[in-house]
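Residue-level listing of the chains:
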Amino acid sequence: MNNNFNQFESKEKLHETLCAEVARLLDEGIKSDGNAVLAVSGGSTPKPLFEKLSSIPIEWEKVTITLVDERWVNNTHKDSNEKLIREYLLQNCAAKAKFIPLKSDDATPFKGVTNCNIELSKLKNSFDVIILGMGTDAHTASFFPKDENLSNALTTNLSCAATVPSDAPHKRITLSLNKILKAKNIFLHIEGEFKKFIFNKALEDGKSEDMPIRALLNNKKTLEVYYAQ
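Calculation criteria
- Residues numbered from 1 in each chain as written.
- Predicted model: local features only at pLDDT ≥ 70, side-chain atom pairs only at ≥ 80, totals over all residues.
- Heavy atoms only, no water.
- Buried < 20%, exposed > 50% of the residue type's maximum accessible area, 1.4 Å probe, protein only.
- Helix = DSSP H or I, 4+ residues; strand = E, 2+ residues; numbered from the N terminus.
- Arc of directions from axis to C-beta.
- Contact = heavy atoms within 4.5 Å.
- Core = buried A, V, L, I, M, F, W, Y, C linked by side-chain atoms within 4.5 Å.
- Pairing = 2+ DSSP bridges.
- Axes fitted to C-alpha atoms, helices over the stretch in contact; angles between N-to-C directions.

Caption draft 1: How the structure looks around helix α4 (residues 109-120). Among all positions in α4, only Pro109, Gly112, Val113, Cys116, Asn117 and Leu120 are buried. Taken end-on, α4 shows its buried residues confined to a sector of 150°, consistent with a single buried face. Within α4, the exposed residues directed more than 90 degrees away from the buried face are Lys111 and Thr114. In the core, the buried residues of α4 are packed alongside β3 (63-67), β7 (160-163) and β8 (172-175).

So, in structure tokens, the structure goes:
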């Protein structure tokens, strides 16, 4: 993958610039197709980004927001990405957007893959924007090292896959690598010196099983990296 590494002098400048670019691309998708799809990641890093993005005045009623990945927990659980998105992004102007969860009523994410694929099939095949994060273990989406389900998530032609990380809580459901790579625009949002160190380490030769972010770095699509210390 071609990586454009965009480094910013502050987190605030990163958030401002990334929000403006995401809004521009969503507006572009709306003008081109009549609608736009945005997939976002959870965690603490994007909270300020979501708050700023939610206040940008675009035609949010024509935007569908979904998740890159989700823990298999109730949407009121403190670890639910859906809960985070509803609290920080689906507010202000963006309250008009439609939201598609990945979590269903199925007992496990393995049983939920079918329903997830059905729901995602209702959206345009190529999402307009995907915003990824990265953990200190080099995981992205729910592609975790030491997960026996990782290979399926990286190779399946389905839109989503179930994973069970060994070093993180909860079973999960995630967009597949195949689905992520179909997106028109892919961003990686990372903050802090250690995340930059991990990212640079992942650029070195090695296996995706050890550092799953490599599965994205070793493709021809352009990854726009947005970084601030």
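There's more to say after this.
Caption draft 2: The nonpolar core, seen in detail. Counting residues in each nonpolar core, the largest one holds 75 residues, and the members touching the most others are Ile65 and Ile85. With 8 residues, the top contributor of residues to this core is helix α1 (residues 11-33).

Caption draft 3: Structural context of the sheet that holds strand β4 (residues 69-71). Taken together, the 3 strands give an open sheet; going across it, the order is β4-β8-β7, and neighbouring strands pair in antiparallel fashion. Each edge of the open sheet is held by one strand with a lone partner, namely β4 and β7. Averaged over neighbouring strand pairs, the angle between their axes works out to 20° when direction is ignored. Taken together, the 4 bridges between β7 and β8 define a ladder with antiparallel strand orientation. Paired with Cys160 across the bridge in β8 is Leu175. Sheet strands touched by α4: β7 and β8. Its angle to β7, the strand with the most contacts, is close to 160°.

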